Amino acid sequence: MHIFMPPTERLEDYLDLVHAIEDTAEELQMPLVIEGYSPPHDPRINHMKVTPDPGVIEVNIHPAITGMNA
């Protein structure tokens, strides 16, 4: 089952929808692929993105909370 996520304004709405989709896929015993819009920005979650580029893999991660002490 391929699901295209719509844009949502609140993280709670996005997560409620994902939860309902996962429950349905489990009940139907169908593999699930979630595509579409990312969750809305919310300071409670961190994002990691992998950007395809010919010959290069670019990984963008959130800044670390603390610095590295050597």
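Whatever comes next refers back to the structure up there.
## Section: helix α1 (residues 11-28)
- The end-to-end C-alpha separation of α1 is 26 Å, in line with the 26 Å expected for 18 residues at 1.5 Å each.
- For α1, every residue scored as buried is listed here: L11, Y14, V18, I21 and A25. Along α1, the residues classed as buried sweep out an arc of 95 degrees about the axis, all on the same side. Of the residues in α1, the exposed ones pointing more than 90 degrees away from the buried face are D16 and E27.
- On the buried face of α1, the contacting elements are β1 (2-5) and β2 (33-36).

Conventions and cut-offs
- Residues numbered from 1 in each chain as written.
- Predicted model: local features only at pLDDT ≥ 70, side-chain atom pairs only at ≥ 80, totals over all residues.
- Heavy atoms only, no water.
- Helix = DSSP H or I, 4+ residues; strand = E, 2+ residues; numbered from the N terminus.
- Expected span 1.5 Å × (residues − 1).
- Buried < 20%, exposed > 50% of the residue type's maximum accessible area, 1.4 Å probe, protein only.
- Arc of directions from axis to C-beta.
- Contact = heavy atoms within 4.5 Å.

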